[in-house]
Each structure stands twice: as structure tokens, then as C-alpha cells.
Amino acid sequence: MNFNPFTPTFGTSPSHPVGREEIIADFRTSLHQGPGAPSRAMLLVGTRGVGKTVLLNELEDTAREEGWLVVSETALPGLTTRLNDEHLPALLASLDPHPTTRRITGITAPAGLGGIRSEVSPKHEPKRGIRGQLTTAAGLVNHGILITVDEIGRATVEELAELMAVIQHLFRERANVAIAAAGLPEEVAALLDHPGITFLRRANRRILGAVRREDAERGLADPVTTAGAHWEDSALRAAVEATHGYPFLIQLIGYHAWNAAGGVSDGDAVAIDGAAAGNAIERAAVELGNLVIEPTLARCTALERAFLEAMALDDGDSRLADLITRLEKSPDTVSQYRRRLLDRYIIVATGHGLVRFAIPGMREYLRRSSEHGPLPFW
Ligand SMILES: Nc1ncnc2c1ncn2[C@@H]1O[C@H](COP(=O)(O)OP(=O)(O)OP(=O)(O)O)[C@@H](O)[C@H]1O
Ligand SMILES: [Mg+2]
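Residues numbered from 1 in each chain as written. Chains lettered and ligands numbered in written order. Predicted model: local features only at pLDDT ≥ 70, side-chain atom pairs only at ≥ 80, totals over all residues. Heavy atoms only, no water.

*Asks:* Just give me the short version of the overall build of the chain, but keep the residues and values in it.
*Replies:* When helices and strands are tallied, the chain shows 15 helices and twelve strands. Here the chain holds 378 residues, and the buried ones make up 45% of them. Taking contacts inside the chain between residues at least 6 apart in sequence as the whole, the part at least 24 apart equals 72%. When the accessible surface of the chain is summed, it comes to about 19000 Å², and 52% of that surface belongs to carbon and sulfur atoms. (Helix = DSSP H or I, 4+ residues; strand = E, 2+ residues; numbered from the N terminus. Buried < 20%, exposed > 50% of the residue type's maximum accessible area, 1.4 Å probe, protein only. Contact = heavy atoms within 4.5 Å. Areas by Shrake-Rupley, 256 points an atom, 1.4 Å probe, with all protein chains shown as cover.)

Okay, here's the thing in C-alpha cells:
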């Protein structure tokens, strides 16, 4: 059977999203509270695969449940044009059941035979600008309008600045509008330096990280239970630990565990045992390496990578003093690289002069790749 209740694909909402309930509840409260509630402007920041897109989807669902209308966008070039020429005209059209006015301009045949000549003219001019259209729409809605912008970053800084200026204005006019944006840490950091983005800097910033153990457990167990199967206790415990609370790993491990256990066939409930969990944990590590760790390392400079490789020699946290010795660089240089890696959430500071890998499995990945290259052809 091909069915698998897990979704290890970027941008795909899982059947059982876990761990972001507090943010969602705050957001819902802000919709009730009215203009001025802080969570009506949310900025989600987090590393690849931590669940930014999924959370934006959940915020959109929450807004719809509250009767709000949603405009969902990604910060790709052309953002403001798409809003102005497509989304907002469509939004206005949906708000007004009679988006055109019909004016009788003449009668050319006996009425009743369809001879009335009329002219159809749009009431809402298509190019009234984002601000004009949003203001009109905000005045027509029963509840409010949520705009979400995924993958914000440097590439669209000018367009984002333009959009934020409009939103800021609507906030000031106490319109029922909310915004939720999401981006990678390094992109958001670069963006917030831009003077036009002040509004976003003041937004309610939520740094997405690991989910709690009990959430990871629900994330692994609930889809399986719902599908009529179950985990053996020790298998579930091992799988939960191997996720490290990283949402993408919940889906990857769950997906492979389900497959390794043979799925469920015709109501014949299958248990996921230790062997299936072990197999899944290994496969998930390889895929995480290919999909998250390798692309992250590919964007590091040679010295940043050397820093990470020097860290990989330690089994636990790394001491900055040791890294300075291993890298044979000045303390200043090493601190500079530490800062850059911290800013991108590749490492975290765990104490004075201590750092740790932020992405699960990166240490093992670096160790593996320095041990062996590809197999030679025979
Ligand atoms: N709350 C959650 N509970 C369980 N699984 C989740 C949760 N959030 C995300 N996931 C899963 O994690 C993976 C990554 O999610 P998502 O695409 O939202 O990450 P992202 O932060 O947007 O990544 P990127 O930076 O690449 O855009 C997906 O497979 C998704 O199904
Ligand atoms: Mg995403």
C-alpha cells in the first residue's frame, strides 16, 4: 500500500502539526483583540526545515476560522505587482458580489429578445495601488484581512519595504489587517538592517526552534494511531530522541519507520518495532544530510567550514579556546567566524566560550564526509 501518514517534504503541512500551539493561540487572541494587538504583525524566523511555512499555513487556517480573508504570498521578485494586479483585485471582487456596474446604453431589438445593449465597467479600477485596494478591502470585510509573506529576504527588500509601509499605514488607521512573514535567520538579519523595514523590526518576532519531547512524541505517534497502526514503546522512545525536536526529522523518521514496518495492509494493524525505527533513523540521517546539511555547508566559506570541522572533533560542546588552537587562527578571527555561524543558527552558544551544533546530525555528517569520499569504481 502506498499510503504513508507522514510528509517529509518542505512546504507540506503534516497531518498532525505539533509544538506551535502557543504561537497560534497568541495569534488567534490578537485577531479577537482588535487593531493594536501585537501579534497582528508576526515575524517567524528559523532554520531550514524548522516549520516556518507550515506555521504560516496554520496561521492562515486560524484566520479563516475566525472569518478573516487571507492573501498568501512568497517574497519572490514581482511581489508587489502580483499583490496589486492579481491578489487584491481578486480579493475585492470576492468581497463585492457585483464587481461591475451594468449600464444600459441602448436598445437595439425588442426587449425580451435579448436586444438590450449594455456596457460593463469595473467598479474597482485594477491599478489603484496596494494601499488603496487594501484600504477599500479592509472597509468591506466583516472581520479582517491577513497577509502572509513566506521566504522574506534580501532579494525583495525594496518590494517588502513598499508593502510594509502600506501595512504600517493601515495599522495606524486601525484597519483590521494582520501580517505574518517568515524567513531564514541570515535573510531576516540582513533585511532588518534596511531602513524601509523598520515596521518589520518591531513585529512580534518568534524564533522557531525545537519542539518539546512530548510534542515530538505526538508528532510521531498520532499519525500512526490515526492510521490504525501503533509503535512499540521502545521503538517510539528511540525515534523521539532521534528527532531532537526538529520538525523535519519527525516527518522523515516517521515516514521511513512506516515504510520499514511494511505499512498497513487491509486493516491488518502493523506495529513499528525497534528494527524499523533503527532503519528509519539511519535513512533519515542520510536524507537530512543531503537536503539540509549539505546545502547549508555549501553556503559556508572555507574558513567557516574549517570552524565546523574543528568543532566536529568534539563529542559534546566545543570550547572556543580549543578551536583557536585547532584552527591556528587569531582569537579575533575565530570569534568573527563564531559570530557569523551563530547569526545563521548553524551553531548555538551554550555557555561562556562554548558552542554546539544547532542542526541535528551535523557533527556526524562532517565526521563521515571527512572519513570517506565516494566509493572508487571497481
Ligand atoms: N509543527 C510541525 N509538526 C510536525 N511536522 C512539521 C511541523 N512543522 C513542519 N513540519 C514538517 O517539517 C518539514 C519542514 O517544514 P517547512 O517546510 O514548514 O519548513 P521551513 O522552515 O519552511 O523550511 P524552509 O526554510 O526550507 O522553507 C515538512 O516536512 C513539514 O511537514
Ligand atoms: Mg518554507
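*Asks:* Mind laying out the pattern of salt bridges, listing which residues take part and the relevant values?
*Replies:* Working definition: two side chains of opposite charge can pair if their charged atoms are close together. Scanning the entire structure with this criterion turns up 23 salt bridges. With its nearest N and O atoms 2.8 Å apart, the salt bridge here joins Asp 26 to Arg 206. Here Arg 206 lies in strand β7 (residues 204–207) and Asp 26 lies in helix α1 (residues 21–33), a separation of 180 residues in the sequence. Overall, the relative accessible area of 30% leaves Asp 26 in the partly exposed class. With relative accessibility at 15%, the residue Arg 206 sits in the buried group. Glu 66 is the salt-bridge partner of Arg 28, the closest N and O atoms lying 2.6 Å from each other. Placement of the pair is Arg 28 in helix α1 and Glu 66 in the loop between α2 (52–65) and β2 (69–74), with a sequence separation of 38 residues. (Salt bridge = Lys/Arg side-chain N within 4 Å of Asp/Glu carboxyl O.)

*Asks:* Explain the packing of helix α3 (residues 79–95) against helix α5 (residues 157–172) residue by residue, including any values.
*Replies:* Between α3 and α5, the shortest axis-to-axis distance is 8 Å and the interhelical angle comes to 45 degrees. For the element pair α3 / α5, the angle class is oblique. Only Glu 159, Leu 160, Glu 162 and Leu 163 of α5 make contact with α3, whose side of the interface consists of Leu 79, Thr 80, Thr 81 and Leu 83. Class assignment for the residues of the contact of α3 with α5 results in four nonpolar, two polar and two charged. (Axes fitted to C-alpha atoms, helices over the stretch in contact; angles between N-to-C directions. Parallel < 35°, antiparallel > 145°, perpendicular 65-115°, else oblique. Nonpolar A, V, L, I, M, F, W, Y, C, P; charged D, E, K, R; others polar.)

*Asks:* So what about the environment of Ala 280? Which residues, and what values?
*Replies:* With respect to the helices and strands, Ala 280 occurs in helix α11 (residues 274–298). Along the primary structure Ala 280 and Ala 239 are separated by 41 residues, whereas in three dimensions their C-alpha atoms are 8.3 Å apart. In this structure Ala 280 touches Ile 253, His 256 and Ala 257, once residues within four positions along its chain are discounted.

*Asks:* Give a description of the site of ligand 1 that names residues and reports values.
*Replies:* Around ligand 1 sit 21 residues in total, of which Thr 7, Gly 11, Thr 12, Val 18 and Lys 52 are the nearest. Here Val 50 contributes a backbone N or O atom positioned 3.4 Å from an oxygen atom of ligand 1. Within the side chain of Thr 53, a nitrogen or oxygen atom sits 2.8 Å from an oxygen atom of ligand 1. Broken down by secondary-structure element, the contributors of at least two residues to the shell around ligand 1 are α2 and α10 (247–260). Both domains that meet at the shell around ligand 1, namely domain 1 (21–96 + 122–207) and domain 2 (219–295), each give it at least three residues. (Near = heavy atom within 4 Å. Polar contact = N/O pair within 3.5 Å; in protein donor to acceptor, adjacent residues only side chain to side chain. Domains from an automatic or database assignment.)

*Asks:* Which residues make up the environment of Leu 313, and what are the values?
*Replies:* Relative to the helices and strands, Leu 313 resides in the loop between α12 (302–311) and β10 (318–319). The exposure class of Leu 313 is exposed, given its relative accessible area of 60%. Once the C-alpha coordinates of Leu 313 and Arg 363 are considered, the two residues, 50 residues apart in sequence, prove to be 8.2 Å apart. Residue contacts for Leu 313: discarding those within four places in its chain leaves Arg 326 and Arg 367.

*Asks:* Any details on the sheet that holds strand β1 (residues 41–45)? Residues and values, ideally.
*Replies:* Pairing is parallel across the open sheet formed by five strands, whose spatial order is β2-β5-β6-β1-β7. At either margin of the open sheet sits one strand with a lone partner, and together these are β2 and β7. Strand after strand, the sheet turns through a mean of 15 degrees between neighbouring axes, direction not considered. The sheet contact formed by strand β5 (residues 145–150) and strand β6 (residues 177–183) spans five bridges and is parallel. (Pairing = 2+ DSSP bridges.)

*Asks:* Describe the packing of aromatic side chains, listing the residues and the values that go with them.
*Replies:* Given two aromatic rings, one states the distance between the centres and the angle between the planes to describe the pair. Per the counting criterion, the structure on display carries three aromatic pairs. Relative to Phe 248, the ring of Phe 10 lies with its centre 4.7 Å away and its plane at 35 degrees, an arrangement referred to as tilted. Of this pair, Phe 10 sits in the segment before α1 while Phe 248 sits in helix α10; the two residues are 238 residues apart in sequence, bridging distant segments of the chain. Overall, the relative accessible area of 40% leaves Phe 10 in the partly exposed class. The exposure class assigned to Phe 248 is buried, which follows from its relative accessible area of 5%. Centre to centre, the rings of Phe 171 and Phe 199 are 5.3 Å apart; their planes meet at 85 degrees, and the pair counts as edge-to-face. Of this pair, Phe 171 sits in helix α5 while Phe 199 sits in helix α7 (residues 198–201); the two residues are 28 residues apart in sequence, bridging distant segments of the chain. Exposure remark for Phe 171: the relative accessible area of 22% places this residue in the partly exposed category. Since its relative accessible area comes to 8%, Phe 199 is described here as buried. (Phe/Tyr/Trp six-rings, centres within 6.5 Å; stacked < 30°, edge-to-face > 60°.)

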